Amino acid sequence: MPRKIIIDTDPGQDDAVAILLALASPDEIEVLAVVAVAGNVGLHHNANNARKVLELSGHTSVPVYAGCARPMRRQLVTAEHVHGDTGLNGPDLPEPSIPLQTQHGVDYIIDALMSAEPGTITLCTLGPLTNIAMAMVKQPAIIGRIAEIVMMGGAYFEVGNITPAAEFNIYVDPEAADVVLRSGVPTTMLPLDVTHQMQSTPARLDAIRALGNRTGEAVYQMLSFSQEFDLEKYGWEGAPLHDPTVIAYLLRPHLFEGRHCNVSIETDSELTVGMTVTDYWHVTGKVRNVNYMRNGDAEGFYALLNERLARLP
Ligand code: BDR
Ligand code: CA
């Protein structure tokens, strides 16, 4: 039985690749819906981009919802400097024709969890955690019904990418991240410590293009665009590839290693707001609320990605 997931996302080139990886893996994963959240760019663009990606994949029956247009307490911080003005610059994808669902994304998440058997839906989060936290606040009864949250977010050994202390997804809505990490839902984090190991080197990008399908070409164009900023910033041979690690973890958990430990979110300090304070060495007695991944097998990850993207149109 494939694992049922809801993808909560702000696409985003790397989000797009994650969505494609999930859709290309129907034996293991059933994507119930894609829910957009404000993050990399504004909500309107993110919801539009999600629909473009579904059309690219040919999986046009997966519904797309729009969730929250801003974080719970703060002004929205965006990342056009990485993703471009549309959030998905690079490939020339047609404007989508599949509809945006009229129900609010938060209400969809609540309804989906309340109407399914408890423990059967996994939430995969690729952006700020606003929608998930808002759903937990609006209907706390969902908390015990979520099978697992698998999120791209946070950093400890690699520290920050949007500030010296904070990773982007957590920084944009730290209050939401705090609600989610205190909820008690089993949570796996794929932080920058992992994603910085998954570098999209020229050889890896060329291999994706060489798949010869339209998806491979689009992914090549997406990542060629979004990596520009990071290549200059880090000076590495390839840029980090973040969000697809969430789906790769579902498909091949043994590509990753880490440990259960406490992760707490800094919400007060001006200097370090959004920091994921990770008790990796268990120096506190705090509850081990996160399965924190520290390392990943980049060769295995890209081999999986190529194998799966080759299945799409
Ligand atoms: C995260 O921030 C976004 O820009 C990416 O899509 C990813 O989800 C990495 O910090
Ligand atoms: Ca993202």
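Residues numbered from 1 in each chain as written. Chains lettered and ligands numbered in written order. Predicted model: local features only at pLDDT ≥ 70, side-chain atom pairs only at ≥ 80, totals over all residues. Heavy atoms only, no water.

**Things to note about a nonpolar patch on the surface**
Right, on to step 1. Taken together, the side chains of Phe157, Trp281 and Val283 define a hydrophobic patch exposed on the protein surface, amounting to about 340 Å² of accessible area.
Right, on to step 2. Structurally, Trp281 is set in the loop between strand 11 (276–278) and strand 12 (290–296).
Right, on to step 3. Residue classification places Trp281 among the exposed residues on the basis of a relative accessible area of 51%. (Patch = residues over 30% accessible without salt bridge, like charges linked within 9 Å, V, L, I, M, F, W, Y side chains within 5 Å. Areas by Shrake-Rupley, 256 points an atom, 1.4 Å probe, with all protein chains shown as cover. Salt bridge = Lys/Arg side-chain N within 4 Å of Asp/Glu carboxyl O. Helix = DSSP H or I, 4+ residues; strand = E, 2+ residues; numbered from the N terminus. Buried < 20%, exposed > 50% of the residue type's maximum accessible area, 1.4 Å probe, protein only.)

**Some details on helix 10 (residues 214–234)**
Right, on to step 1. Compared with the 30 Å implied by 1.5 Å per residue over 21 residues, the 30 Å span of helix 10 between its first and last C-alpha is a close match.
Right, on to step 2. Where helix 10 bends most, the angle comes to about 40°, and this point is Gln227.
Right, on to step 3. Restricting attention to buried positions, one finds in helix 10 the residues Thr215, Gly216, Ala218, Val219, Tyr220, Met222, Leu223, Ser224, Ser226, Gln227 and Asp230.
Right, on to step 4. Trailing helix 10 by a residue or two, Gly235 shows a phi angle of about 70°, which is positive. (Expected span 1.5 Å × (residues − 1). Bend = angle between axes of the 7 residues up to and from the residue.)

**Looking at helix 2 (residues 43–57)**
Right, on to step 1. Between its first and last C-alpha, helix 2 extends 21 Å over 15 residues, near the 21 Å set by a 1.5 Å rise per residue.
Right, on to step 2. Across the 15 residues of helix 2, 13 count as buried, placing the element largely inside the fold.

**A few points about the packing of helix 1 (residues 13–23) against helix 12 (residues 298–309)**
Right, on to step 1. It is the contact of helix 1 with helix 12, at a shortest axis distance of 9 Å, that shows an interaxial angle of 65°. In terms of their interaxial angle, helix 1 and helix 12 are classed as roughly perpendicular. Our pair here, helix 1 against helix 12, has a crossing hand that is left-handed. The residues of helix 12 that touch helix 1, namely those facing Val17, Leu20 and Leu21, are Leu304, Leu305, Arg308 and Leu309.
Right, on to step 2. Looking at side-chain class alone, the contact of helix 1 with helix 12 contains six nonpolar, no polar and one charged residues. (Axes fitted to C-alpha atoms, helices over the stretch in contact; angles between N-to-C directions. Parallel < 35°, antiparallel > 145°, perpendicular 65-115°, else oblique. Left-handed = near helix turned anticlockwise from the far one by under 90°. Contact = heavy atoms within 4.5 Å. Nonpolar A, V, L, I, M, F, W, Y, C, P; charged D, E, K, R; others polar.)

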